[in-house]
Amino acid sequence: MKEGAAASASGDDGPPNRELYALLHLSPEASDEEIRKAYRQWAQVYHPDKYQAPQMKEIATENFQRICEAYEILSDEGKRQIYDIYGMEGLTSGLELGPKLNKAEEIKEELERLRRRKEQEKVSAHIQPSGSIMAHLSLPQFLDGRGIMRGMAMASEVHSQISKRNAIAIGGNLEVSGNSGGSAATVVLRHQISSVSSIEVMGSVGLRALVGVQITRNLTPHSTATMGMAMSLRDGTINLSNAWTRQLSETSNGNIQLVLGPESSVAVGWQKKEEKMSAAGEIKIGTSSFGASAHYTHRFSKKSHGRIAGRVGSSTLEIEVGGGRKISQFSTVRMLYSVGIRGIFWKFELHRGGQKLIIPILLSRHLNAVVATGAFAIPTSLYFVLKTFIVKPYYLKREKQKALENTEKTSAQVREARAAAEKAQHLLQNVANRKRSRQLETDGLVITKAVYGSQKALKKRDAAGEAKDELASQVLDVTLPLNFLVNDSGQLKLHEGVKKSGIMGFCDPCPGEPKQLLVEYTYQGEQYEVVVGDYEELLIPQAAHRI
């Protein structure tokens, strides 16, 4: 479908594009009757038979086809479900629904099954490696002249999908501490018994010589149970384990784990993950020990986050604070600071794809207030100095360069989208002017100025009074289409969760950039102004917008 002509995909991070809903001026929760009504209204505006001039008829035909294609998808329950979950990519990639699937939950389950199957087929011939290196350093040991290295541990695993239902993982680890060390090798075979159950057989030699089997089954769409048995090849002891996981809400789940064996224990855990934060906690009680742990991570932006964690138990007492930053698409660095009965530590981490490098540095074996304060204050101050004077200027320069490259790359696409938007506005002009005149007569809602585009451009426009030439290209005048959308009651509503570039007469003037809509309007002799984000709801008039 050619919806990109008037509303080019921006590639912005955010909610899924709902451009078909924007095209028909509908909420994503619109009923079938509302979809039919919207289609009839827009079809009347853009029907080619209403225009005699060849140029106008051509413009009308192009936009009428877009309206028909949008209606064809949204009026079909199956296609609409696919579009809502996967967008146009889901429709163009060949996802189909069986004729016996009627309920929304059944459709979603089928879509998830199809998605998993396509992903498995895609990676069936690929090998996925992962690994970690942990280097334990000690400052007190270095000052005593015994070298800085306390020990090292390395682990590596290679996972391969050998068929649609079978996978194998081969891993090994090596650990050295002082004058002693050890190693282990592990093989795990996984077989997908059905769409809801799987079985794993594991064997390990070395430090942990054992064999085991584990069965996992999805009891319901929201709960999973896992049962396992492992036998040590050293002393013949057997461990039995049972775990239950339950989705508590869209963003959280809980789990219970029971282990029976030489070290029996029961653990209860909880995890929550949202766009801006994630948190988890666990309480574990065993025959010879107990413990509790929790952590909270807050995402300040798409690239940086902060973290605080705590652990308490029969053999540990520790609090950890720190943060991390994404330095590239696949790489993240993190620095953590911990204080506990084991001593005072710095920990540096580098995550790159499936690889991790972790370097814990022991600063002091004893809890000294001066050392603890300095160990926290010095790196924190150094971080903010580096961020302010080196890191931030570097990233601003790089982002500016990337923005220029993106503008050059998408210039042809934007020109085409602007041309399509201007054509659509041309057909809306007569009706929009009539609506505007009617609202003027009754002292109703009149959009005097509306600009959609780059968030940065709109801010600089407000500050300088007018946009600079390079910023003017990143915004679009949408006064006319908004006047067209004012209803007979003198109100205008743009729906939440719908990307505004898909609205008739709009386009995306700056793909990849965060966008806003600035609206100035008059109502009953008063002047109003409001700025909303790309996916935010707009409902006017409102007293809060009065200037």
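Quick caveat: nothing in here was measured; it's all calculated off a predicted structure. (Residues numbered from 1 in each chain as written. Predicted model: local features only at pLDDT ≥ 70, side-chain atom pairs only at ≥ 80, totals over all residues. Heavy atoms only, no water.)

Undergrad: Help me out: how do you make sense of the overall build of the protein in this one?
TA: Helices and strands together make up the secondary structure of the protein, namely 10 helices and 23 strands. In the protein, which comprises 547 residues, the share counted as buried stands at 34%. Across the protein, the fraction of contacts at a sequence separation of at least 24, relative to all contacts at a separation of at least 6, is 43%. Per element, the accessible surface of the protein, about 31600 Å² overall, is 56% carbon and sulfur. (Helix = DSSP H or I, 4+ residues; strand = E, 2+ residues; numbered from the N terminus. Buried < 20%, exposed > 50% of the residue type's maximum accessible area, 1.4 Å probe, protein only. Contact = heavy atoms within 4.5 Å. Areas by Shrake-Rupley, 256 points an atom, 1.4 Å probe, with all protein chains shown as cover.)

Undergrad: Is there a simple way to explain the nonpolar core in this structure?
TA: Nonpolar side chains in soluble globular proteins tend to end up buried together. Tyr46, Ile447, Leu482, Leu492, Leu517 and Val519 are the most contacted members of the largest nonpolar core, which has 56 residues in total. Among the elements that make up this core, the one with the highest residue count is helix H3 (residues 54-74) (8 residues). Counting residues in each nonpolar core, the second largest holds 7 residues, with Leu137, Tyr337, Ala372 and Ala375 among its members. (Core = buried A, V, L, I, M, F, W, Y, C linked by side-chain atoms within 4.5 Å.)

Undergrad: Teacher, can you tell me more about empty space enclosed by the protein here?
TA: Any empty space left between the atoms is revealed when a probe the size of a water molecule rolls over them. Counting across every chain of the model gives 2 cavities of 30 Å³ or more. For the largest cavity, the calculated volume is near 50 Å³. In this structure, the largest cavity is lined by Ala22, His25, Leu26, Leu494, His495, Val498 and Ile503. There is about 30 Å³ of room inside the second largest cavity. Along the walls of the second largest cavity sit Glu62, Asn63, Arg66, Ala420 and Lys423, which together make up its complete lining. Mapped onto the lining of the second largest cavity, the elements with two or more residues apiece are H3 and helix H7 (369-441). Here the lining of the second largest cavity gets 3 residues from one element, more than from any other, and that element is H3. (1 Å grid on protein atoms, 1.4 Å probe; cavity = no way out; pocket = protein on both sides within 12 Å on 5 of 7 lines; lining within 4 Å. Points joined across faces, edges and corners; volume = space filled by probe spheres on them.)

Undergrad: What exactly am I supposed to notice about the sheet that holds strand E21 (residues 515-523) here?
TA: Whenever strands of a sheet pair, they do so through backbone hydrogen bonds, lying parallel or antiparallel. Taken together, 4 strands build an open sheet; the order of strands is E19-E18-E21-E22 and the sheet is antiparallel. The open sheet has two edge strands, strand E19 (475-477) and strand E22 (526-533), and neither has a second partner. Going across the sheet, the axis of each strand differs from the next one's by a mean of 15°, ignoring polarity. Note that strand E18 (residues 446-454) and E19 share 3 bridges and pair antiparallel. Residue pairing for E19: Tyr452 is matched across the bridge by Leu476. (Pairing = 2+ DSSP bridges. Axes fitted to C-alpha atoms, helices over the stretch in contact; angles between N-to-C directions.)

Undergrad: What exactly am I supposed to notice about the pattern of salt bridges here?
TA: Here the idea is simple: oppositely charged side chains can pair when their charged atoms come close. A complete count under the given rule lists 17 salt bridges for this structure. Among the ionic pairs, Arg190 bridges to Glu200, the shortest N-O distance being 3.7 Å. A residue pair is termed long-range when its members are at least 10 positions apart, and Arg190 in strand E4 (residues 180-192) and Glu200 in strand E5 (residues 197-206) qualify at 10 residues. By relative accessible area, which is 25% here, Glu200 ends up partly exposed. For Glu537, the salt bridge is made with Lys493, and the minimal N-O distance between the two is 3.8 Å. Taken together, the positions of Glu537 in the loop between E22 and strand E23 (538-540) and Lys493 in strand E20 (residues 492-494) put the pair 44 residues apart, joining distant regions of the chain. When its relative accessible area of 39% is taken as the criterion, Glu537 is described as partly exposed. (Salt bridge = Lys/Arg side-chain N within 4 Å of Asp/Glu carboxyl O.)

Undergrad: Is there a simple way to think about the packing of H3 against helix H4 (residues 77-92) in this case?
TA: Between H3 and H4, whose axes approach to 9 Å, the crossing angle comes to 130°. On the basis of their axis angle, the class for H3 and H4 is oblique. Every residue of H4 that contacts H3 at Glu72, Ile73 and Leu74 is listed here: Lys79, Arg80, Tyr83, Met88 and Leu91. In the contact of H3 with H4, the residues fall into 5 nonpolar, no polar and 3 charged. (Parallel < 35°, antiparallel > 145°, perpendicular 65-115°, else oblique. Nonpolar A, V, L, I, M, F, W, Y, C, P; charged D, E, K, R; others polar.)

Undergrad: Even after reading the chapter, I still don't get the pairing of strand E13 (residues 304-313), so can you show me in this structure?
TA: Note on strand geometry: in a regular strand, side chains alternate between the two faces of the sheet. Relative to E13, strand E12 (residues 290-299) runs antiparallel, the two being bridged by 9 bridges. What sits directly across from Arg299, in E13, is His305. Sheet analysis places E13 next to strand E14 (residues 317-326), joined by 9 bridges and oriented antiparallel. From the neighbouring strand, Ala309 faces E14, where its bridge partner is Glu320. Taken together, E13 and the strand that follows it, E14, pair antiparallel across an intervening segment of 3 residues.

Undergrad: Just checking my understanding: could you explain H4 for this structure?
TA: An α-helical turn contains 3.6 residues, so any two residues separated by three or four positions project in the same direction. Between the first and last C-alpha of H4 there are merely 16 Å, a value that for 16 residues lags more than 12% behind the 22 Å anticipated at 1.5 Å per step. Maximal helix bending in H4 amounts to about 125°, located at Tyr86. Among the residues making up H4, those that are buried are Gly78, Arg80, Gln81, Ile82, Tyr83, Gly87, Met88 and Gly90. Where H4 begins, one side-chain oxygen reaches toward the backbone nitrogen of Gly78, 3.0 Å away; that side chain belongs to Asp76. (Expected span 1.5 Å × (residues − 1). Bend = angle between axes of the 7 residues up to and from the residue. Polar contact = N/O pair within 3.5 Å; in protein donor to acceptor, adjacent residues only side chain to side chain.)

Undergrad: Explanation requested: unusual backbone geometry in the structure shown.
TA: Here the amide bond leading from Ile540 into Pro541 is cis, since omega sits at 5°, within 30 degrees of zero. Inspection of the secondary structure puts Pro541 in the segment after E23. Not every positive phi belongs to a glycine, and His25 is a case in point at roughly 55°. Locating His25 in the fold gives a position in the loop between helix H1 (19-23) and helix H2 (32-46). Using a relative accessible area of 22% as the deciding quantity, one classes His25 as partly exposed. Phi angles above zero are rare outside glycine, and Gln524 is one such case at about 55°. Mapped onto the secondary structure, Gln524 falls in the loop between E21 and E22.

Undergrad: Can you help me understand the packing of aromatic side chains in this one?
TA: The geometry of an aromatic ring pair is captured by the separation of the ring centres together with the interplanar angle, meaning the angle of the planes. The final tally for this structure, using the stated rule, is 10 aromatic pairs. Residues Tyr337 and Phe376 carry aromatic rings whose centres are separated by 5.6 Å and whose planes lie at 50° to one another, so their mutual orientation is tilted. Taken as a pair, Tyr337 in strand E15 (residues 331-340) and Phe376 in helix H7 lie far apart in primary sequence, 39 residues in all. Phe376 sits in the partly exposed class, given a relative accessible area of 41%. Between Tyr394 and Tyr395 the ring centres are 5.4 Å apart and the planes differ by 75°, which places this aromatic pair in the edge-to-face class. (Phe/Tyr/Trp six-rings, centres within 6.5 Å; stacked < 30°, edge-to-face > 60°.)

Undergrad: What's the story with the state of the cysteines in this structure? I'm lost.
TA: Disulfide: a covalent bond formed between the sulfur atoms of two cysteine residues. Taken as a whole, this structure holds 0 disulfides when the rule is applied. With no disulfide of its own, Cys507 lies 9.1 Å from the sulfur of Cys510, the closest cysteine sulfur. Cys510 gets classed as buried once you look at its relative accessible area, which sits at 6%. (Disulfide = S-S within 2.5 Å.)

Undergrad: Would you mind going over the environment of Ala280 with me for this structure?
TA: Along the chain, Ala280 turns up in strand E11 (residues 277-286). Sequence separation between Ala280 and Tyr296 is 16 residues; the distance between their C-alpha atoms is 6.8 Å.

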